[in-house]
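Structural overview for review
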Amino acid sequence: MNKAKTILVLGGGIGGVVAASRLRKGLSREHRVVLIEREPDYVFAPSFLWLMTGLRQREKISRPLSKLHKQGIELVQGTIERIDPDTHTVWVDGRELVGDYLIIALGAELAPETIPGLARAGHNFYSLEGAEALRDARLGLRAGRVVVLVSAMPFKCPAAPYEAAMLLEYDFRKRKLGEQIKVDLYSPEPGPMPVAGPEVSRQVRQMVEAKGIGYYPEHAVTQVDATARRIQFANGASTEFDLLAYVPPHRVPRVVAECGLADESGWVPVHRQTLETQFPGVYAIGDVTGIMLSMGKPLPKAGVFAHGEAEVVAGNLVHAITGKGKPAQFDGHGECFIETGDGKAGFGSGNFFSEPVPEIKLRQPSRTLHIGKVAFEKYWLFEWF
Ligand SMILES: Cc1cc2nc3c(=O)[nH]c(=O)nc-3n(C[C@H](O)[C@H](O)[C@H](O)COP(=O)(O)OP(=O)(O)OC[C@H]3O[C@@H](n4cnc5c(N)ncnc54)[C@H](O)[C@@H]3O)c2cc1C
């Protein structure tokens, strides 16, 4: 049972960092925990929303992944070019690594180029550079129309575009431009956060519309004309903008698609409680997975799920390798703060695995909840680095 093992953790985002840290804490040093990531720094994506309105700087929300060496995690910095899930082999910039177990935590790839004109016309606030570009561009706008656009489903953090619209509206109002600048939000969704149920959806829509933000659901973008600053939708409608902030289409990373781990849904199917894939010894966690709920919609992509799934997989591997602890199951619990501007946030929480539909409750926006979100950001970056 105690033969030395090697666990390869693919991806150093939320899921990968939590999985690697938990494994390292649970396993003695004869076992190797190897984290493979192409970026030198971990960046806390939920804070992009504050960064784009000038409330954070890149340095405040980034941590060098090399800090994980101190914990005894071996960091391999490079791009994963190929995965063989049968033999647990991974190729990183030409180097071959073999593990006893693989944990795939490679997230979702952002693909703005799949919508003609989108990348040239707007700012992708789902990337660090895009959020910074939006932060600067918004300062140049003194009057006109800002469109927040969800370009395709699924996308990570179902609340983020709604938060982005409310934070931008608040930013313009704070800078005495509220009368001159109008913020509107277009999305292909039938309503905000549809998986959370009609009541939560209604409440989030109300929060957005109470700020004077125009909300246009069931609008799926087909192309954007960067010169005319015009968005064309599949339903025949079109609209103009002065500043465009968009959520790009998401897809499974190419390296995952090519190795046969993804199915026709486009994502990696897993056992929803153990996160096992169809390949023995290979687990997938976080945004890269596709977990279908019995209501017929997939589990949303969010850091809170990547984190919870990482804890389960790491704990179960520690148990399998050492016999310590008890086997655990991922229970579908999730929660998130929803920034609403004016220094306030709401908070949604509940169980997404409840039958027949998820049971989610929303707490109304308050100053205390906003402080809770700030505290969570601080805790997260402190706890894992
Ligand atoms: C603006 C915004 C706000 C958000 N707010 C919230 C929130 O409030 N609450 C919440 O729960 N979630 C939130 N999220 C979502 C959350 O950030 C993601 O769901 C979470 O990061 C997913 O974790 P993951 O480990 O699956 O993937 P990621 O954290 O995306 O990590 C994947 C990692 O894999 C690496 N990688 C990919 N391909 C390769 C390769 N070929 N070789 C090497 N490395 C590779 C990437 O560089 C990346 O570091 C937000 C996201 C955004 C963009």
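The structure reproduced in this document is the subject of the present report.

Scoring rules and cut-offs
Numbering of residues starts from 1 in every chain and runs along the sequence as written. Side-chain atom pairs in this predicted model are given and counted only at pLDDT of 80 or more, local residue features only at pLDDT of at least 70, and totals for whole chains, interfaces and linings cover all residues. The side-chain figures draw on all heavy atoms in the structure; neither hydrogens nor water molecules are used. Any two strands with at least two DSSP-identified bridges between them are counted as paired. Under the DSSP-based scheme used, a helix requires at least four consecutive residues in state H or I and a strand at least two consecutive residues in state E, with every element numbered from the N terminus. Axis geometry follows a simple rule: fit a line to the C-alpha atoms, using only the stretch in contact for helices, then measure angles between N-to-C directions, giving values from 0 to 180 degrees. The near set for a molecule or strand comprises every residue that places at least one heavy atom within 4 Å of it. We call two N or O atoms a polar contact when they sit within 3.5 Å, provided that within protein one can donate a hydrogen and the other can accept it, with sequence-adjacent residues counted only if both atoms are side-chain atoms. Surface accessibility in these figures is a Shrake-Rupley result with a 1.4 Å probe; residues are shielded only by whichever protein chains are displayed. Three categories are distinguished: nonpolar for Ala, Val, Leu, Ile, Met, Phe, Trp, Tyr, Cys and Pro, charged for Asp, Glu, Lys and Arg, and polar for the others, with Gly belonging to the last.

**Regarding the sheet that holds strand β16 (residues 230-233)**
Pairing between sheet strands relies on hydrogen bonds along the backbone, with the strands arranged either parallel or antiparallel. As summarised here, the arrangement of the 3 strands in space is β15-β16-β17, forming an open sheet in which the pairing is antiparallel. Looking along the sheet, the strands with just one partner apiece sit at the ends: β15 (221-225) and β17 (238-240). With strand direction ignored, the average angle separating the axes of adjacent strands in the sheet is 20°. Across 4 bridges, the pairing between β15 and β16 is antiparallel. By the bridge assignment for β16, glutamine 223 is matched with glutamine 232.

**Considerations on the site of the ligand**
The ligand sits among 28 residues. The nearest are Gly15, Glu37, Ile80, Asp287 and Val304. Interatomic distance of 2.8 Å between a backbone N/O atom of glycine 15 and an oxygen atom of the ligand. Here an oxygen atom of the ligand sits 2.7 Å away from a polar atom, N or O, in the side chain of glutamate 37. Computed on the free molecule, the ligand has an accessible area of 990 Å², of which 91% lies beneath the protein chains in the complex. Every element with two or more residues in the shell around the ligand is listed here: α1 (14-26) and α8 (303-322). When residues of the shell around the ligand are assigned to their parent elements, the largest contribution, 3 residues, is made by α8. Its residues assigned to classes, the shell around the ligand comprises 12 nonpolar, 9 polar and 7 charged.

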